[in-house]
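Overview (structure and organization)
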Amino acid sequence: MRRLGSCLATLTFALAITTPTLAQQEQVLPAPDREEGEGPFDRLVLRGAIVIDGTGGPPRGPVDIVIEGNRIARIAGVGVPGVPIDSSRRPEAGTKEIDVEGMYVLPGFVDLHLHTGGVPKAPEAEYMYKLWMAHGITTGRGVPFLSDVDWTLSERERSAKNEITAPRMFLYQRPGQGWDRGPVRTPEDARAWVRWAAEQGIDGIKLVAYPPDIMAALLDEARNRGLGTTAHLGQTGVAQMNALDAARLGLGTVTHYYGLFEAIYDDHDVQPWPADMNYNDEQHRFGQVARQWNMIHPPGSDEWNAMLAELK
């Protein structure tokens, strides 16, 4: 049964790389050249803010925030609430100043799981970029933004040069995307694709639950090349590659929570699917994923704590 499952898993993952939406994704329009907004500035000063600094500490203000070379250089306290600001405590003038007195200011958010979209839902990259930025996302990891590697590399470069209105972009691509040698079917293919991807300048790899030999090759070569890794350990392969299996091979992060329940089953190896289960029916896919809560070693048990300790 396990041998059959492994063969089916290999076929499934080879097919999954060329999903039905690739042609749609390739029609997404790149962002137009930037024509709106100001900056970047040599020295930007936000005056009179209440700051939430992201460390877990409480809000405080009023403060002046000095940003130099696109980095926060100083947060200066300029008084206490309810009384006029002490101008003697203010940092020197900036090349651009914005009065934000009484407003809350937070660091930009980092979103680790972004897709630029596709036809027909989101056919223009500009819409997605501005939607993210309007919600405070200033840095994002595409997993992937699109399957087209050249497209994503071009958009990342344009963003870095302030040629478009977009967050900073980190590019994670799926194995097999971008090159002309087809899907990754063997450990040798896996290593060759990772080397190719590193040469193109991608930042990391988005994996699925590959069979163990291919997963090991992908993760080992990624580590050798300094690439990040994340994985969606989906239901089609998680019986051969759960969260602990992947972490032991060197996986950096797990996206969603697929693979976690399966790593701590009490008396199962494979989820007991209903007779009419069909993964391509999203009501089945999402409806079944949480039906494992009572199949695991209970919270607080030795097995539960051991998994948490190992993942940490």
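Up top is the structure these notes are about.
What comes next is a walk through the structure. As the structure is a prediction and not an experimental result, all values here were calculated from the model.

Conventions and cut-offs
- Residues numbered from 1 in each chain as written.
- Predicted model: local features only at pLDDT ≥ 70, side-chain atom pairs only at ≥ 80, totals over all residues.
- Heavy atoms only, no water.
- Core = buried A, V, L, I, M, F, W, Y, C linked by side-chain atoms within 4.5 Å.
- Buried < 20%, exposed > 50% of the residue type's maximum accessible area, 1.4 Å probe, protein only.
- Helix = DSSP H or I, 4+ residues; strand = E, 2+ residues; numbered from the N terminus.
- Contact = heavy atoms within 4.5 Å.
- Phe/Tyr/Trp six-rings, centres within 6.5 Å; stacked < 30°, edge-to-face > 60°.
- Lys NZ or Arg CZ within 6 Å of the ring centre and 35° of its normal.
- Patch = residues over 30% accessible without salt bridge, like charges linked within 9 Å, V, L, I, M, F, W, Y side chains within 5 Å.
- Areas by Shrake-Rupley, 256 points an atom, 1.4 Å probe, with all protein chains shown as cover.
- Salt bridge = Lys/Arg side-chain N within 4 Å of Asp/Glu carboxyl O.
- Lys, Arg positive; Asp, Glu negative; His and termini not counted.
- Charge placed at Lys NZ, Arg CZ, Asp CG, Glu CD.
- Pairing = 2+ DSSP bridges.
- Right-handed = clockwise from strand over helix to strand, strands pointing away.
- Expected span 1.5 Å × (residues − 1).

This part is about the nonpolar core. Ranked by size, the top nonpolar core spans 47 residues in total, and within it Tyr129, Trp193, Leu207, Met215 and Leu233 carry the most contacts. Listed by contribution, the elements that provide at least two residues to this core are α3 (125-134), α4 (149-160), β8 (168-173), α5 (187-200), β9 (204-207), α6 (212-225) and α7 (243-249). At six residues, α6 tops the list of elements feeding residues into this core. If we skip the residues at most four places from it in the chain, Leu233 touches Val208, Ala209, Met215, Val238, Met241, Asn242, Ala243, Ala246, Val254, Tyr258 and Gly259. Core analysis: the next-biggest nonpolar cluster, separate from the first, contains nine residues, Val51, Val63, Ile67 and Val105 among them.

Moving on: the environment of Ile164. Its location among the elements puts Ile164 in the loop between α4 and β8. What makes Ile164 buried here is its relative accessible area of 3%. Sequence separation of Ile164 and Ala243 is 79 residues, and the distance between their C-alpha atoms is 37 Å. Other than its neighbours up to four places away in sequence, Ile164 contacts Ala31, Pro32, Arg34, Tyr129, Glu155, Arg158 and Ser159.

What follows concerns the packing of aromatic side chains. Summed over the entire model, instances satisfying the criterion amount to six aromatic pairs. Measuring from ring centre to ring centre gives 6.4 Å for Trp179 and Trp196, while their planes differ by 45°; the resulting arrangement is tilted. Taken together, the positions of Trp179 in the loop between β8 and α5 and Trp196 in helix α5 put the pair 17 residues apart, joining distant regions of the chain. Consider the rings of Tyr257 and Phe261, whose centres lie 6.1 Å apart with planes at 85°: the pair is edge-to-face. Lying over the aromatic face of Tyr172, Arg141 brings its terminal NZ or CZ to 4.8 Å of the ring centre.

Our next topic: a negative patch on the surface. A cluster of acidic residues, Asp266, Asp267, Asp302 and Glu303, forms a negative patch at the surface. Looking at the element boundaries, Asp267 is found in the loop between β11 (253-254) and α8 (282-289).

Regular strands place their side chains on alternate faces of the sheet. Judged by how many residues are buried, strand β7 (residues 137-142) sits mostly within the fold: five of six residues are covered. Relative to β7, strand β6 (residues 109-114) runs parallel, the two sharing four bridges. Residue pairing for β7: Phe109 is matched across the bridge by Ile137. In the classification by handedness, the crossover that spans β6, the intervening α3 and the parallel β7 is right-handed. Strand direction decides the pairing type here: β7 and β8, joined by four bridges, are parallel. Bridging from a neighbouring strand, Arg141 pairs with Phe170 of β8.

This next bit is on a nonpolar patch on the surface. Nonpolar side chains collect at one region of the surface, where Tyr104, Leu106 and Phe109 lie side by side and expose about 330 Å² of accessible area between them. For Phe109, the position within the fold is in strand β6. On the basis of relative accessible area, Phe109 is assigned to the partly exposed category, the value being 42%.

The end-to-end C-alpha distance of α4 is 17 Å, a good match for the 16 Å that 12 residues give at a rise of 1.5 Å each. What α4 keeps buried is the set Val149, Trp151, Thr152, Leu153, Glu155, Arg158 and Ser159. On the buried face of α4, the contacting elements are α3, β8 and α5.

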